[in-house]
Amino acid sequence: MIPTDPKATLRFYLQSARDALLWKLEGLSEYDIRRPATPTGTNLLGLVKHVATVELGYLGEVFGRPPEEALPWMADGAEADADMWATADESREYVVGVYRRAWAHADATIDALALHTVGKVPWWAEGRDEVTLHHAVIRVIADTQRHAGHADIVRELMDGAVGMREDNVGVPAGDAARWEAYRARIEQAAREAGRREDSGRAR
């Protein structure tokens with residue numbers, strides 16, 4: 001049952017996104033969770049590392065609650081985009097551990113402060129750098145869900161695994177033949193629409 005208390009509702013959707021993202025790592029090798037799947041380098045473990053950083057920033061530092069753990073990719077002078085990929089020395093266990101500790105830190109912030117509490121975002125423009133906890137939590141939920149969607153696509157392209165979570169994949173059942181036929185129908189519709197567009201331009 002979905003909770004009705006505002007904080008509990010926010011925590012429910014935030015935790016759902018967290019769990020979905022971590023599930024995408026299961027069953028994959030160290031190489032596969034790290035390898036870039038897009039021209040801009042999107043990779044599964046890097047997504048986890050990034051959202052951990054986002055939580056520690058928006059639901060920690062912004063409200064005067066910086067994490068006790070020093071993370072090298074958050075230090076002044078760190079390499080750009082260092083939070084978007086894991087080095088060979090940053091193990092799966094380490095990155096996932098950082099993320100789980102970020103959850104606990106963020107959840108403690110949500111529990112400790114009223115949703116109307118105002119924080120300051122150091123990386124936003126001066127004069128427009130204030131945000132309520134309510135806004136910050138929604139921002140983190142949106143960011144995490146967005147990256148969970150990236151992970152959905154990366155994982156499907158990698159080995160065909162799909163779904164929102166283990167107990168409710170949210171995808172209709174079907175074997176490879178069913179999906180091949182379904183994809184072919186979509187391709188056919190796309191080609192037909194393209195031909196109509198080309199025909200209209202030729203007139």
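Refer to the structure presented above.
This section reports on the structure supplied with the text. Only a predicted model underlies this, so the values are computations on that prediction, with no experimental measurement involved.

A separate point is the environment of Tyr-58. Tracing the sequence through the fold places Tyr-58 in helix H3 (residues 44-58). The class of Tyr-58 is buried, set by a relative accessible area of 10%. Each C-alpha atom of the pair Tyr-58 and Tyr-99 lies 14 Å from the other, and the pair is 41 residues apart in sequence. Not counting chain neighbours up to four residues away, the residues in contact with Tyr-58 comprise Phe-63, Val-121, Trp-123, Trp-124, Ala-136, Arg-139 and Val-140. A distance of 3.2 Å separates polar atoms of two side chains, one belonging to Tyr-58 and the other to Arg-139.

When we look at a pair of aromatic rings, we describe it by the centre distance and by the angle of the planes. All told, the structure shown has six aromatic pairs when counted by the stated rule. With a centroid separation of 5.5 Å and 80° between ring planes, the pair formed by Trp-179 and Tyr-182 is classed as edge-to-face. Of this pair, Trp-179 and Tyr-182 both sit in helix H6 (residues 176-202), three residues apart, roughly one helical turn. You can call Trp-179 partly exposed: its relative accessible area is 29%. Residue classification places Tyr-182 among the partly exposed residues on the basis of a relative accessible area of 39%.

Of note in this structure, Asp-81 is not a glycine but carries a positive phi near 65°. Following the sequence through the fold, Asp-81 ends up in the loop between H3 and helix H4 (92-112).

Here we come to the pattern of salt bridges. Under the defined criterion, the tally for this structure stands at 14 salt bridges. For the salt bridge of Asp-111 with Arg-11, the shortest nitrogen-to-oxygen distance reads 2.8 Å. One end of the pair, Asp-111, is in helix H4; the other, Arg-11, is in helix H1 (residues 6-23), and 100 residues separate them in sequence. Overall, the relative accessible area of 26% leaves Arg-11 in the partly exposed class. Linked by salt bridges that have partners in common, Arg-11, Arg-18, Glu-55, Asp-107 and Asp-111 make up one network.

Attention shifts here to the environment of Gly-57. Counting through the fold element by element, Gly-57 comes out in helix H3. When neighbours within four sequence positions are excluded, Gly-57 is seen to be in contact with Val-62 and Trp-123.

Now for the packing of H1 against H3. Between two packed helices, both the angle of their axes relative to each other and the distance between the axes serve to describe the pair. Where H1 meets H3, the closest approach of the two axes is 10 Å, and the angle between their N-to-C directions is 155°. Comparing their axes, H3 and H1 come out roughly antiparallel. Relative to H3, the crossing made by H1 is left-handed. Together, Leu-14, Arg-18, Leu-21 and Leu-22 of H1 and Leu-47, Val-48, Val-51 and Glu-55 of H3 make up the contact between the two elements. Here the residues of the contact of H1 with H3 are counted per class, giving six nonpolar, no polar and two charged.

What counts as what
- Residues numbered from 1 in each chain as written.
- Predicted model: local features only at pLDDT ≥ 70, side-chain atom pairs only at ≥ 80, totals over all residues.
- Heavy atoms only, no water.
- Helix = DSSP H or I, 4+ residues; strand = E, 2+ residues; numbered from the N terminus.
- Buried < 20%, exposed > 50% of the residue type's maximum accessible area, 1.4 Å probe, protein only.
- Contact = heavy atoms within 4.5 Å.
- Polar contact = N/O pair within 3.5 Å; in protein donor to acceptor, adjacent residues only side chain to side chain.
- Phe/Tyr/Trp six-rings, centres within 6.5 Å; stacked < 30°, edge-to-face > 60°.
- Salt bridge = Lys/Arg side-chain N within 4 Å of Asp/Glu carboxyl O.
- Axes fitted to C-alpha atoms, helices over the stretch in contact; angles between N-to-C directions.
- Parallel < 35°, antiparallel > 145°, perpendicular 65-115°, else oblique.
- Left-handed = near helix turned anticlockwise from the far one by under 90°.
- Nonpolar A, V, L, I, M, F, W, Y, C, P; charged D, E, K, R; others polar.

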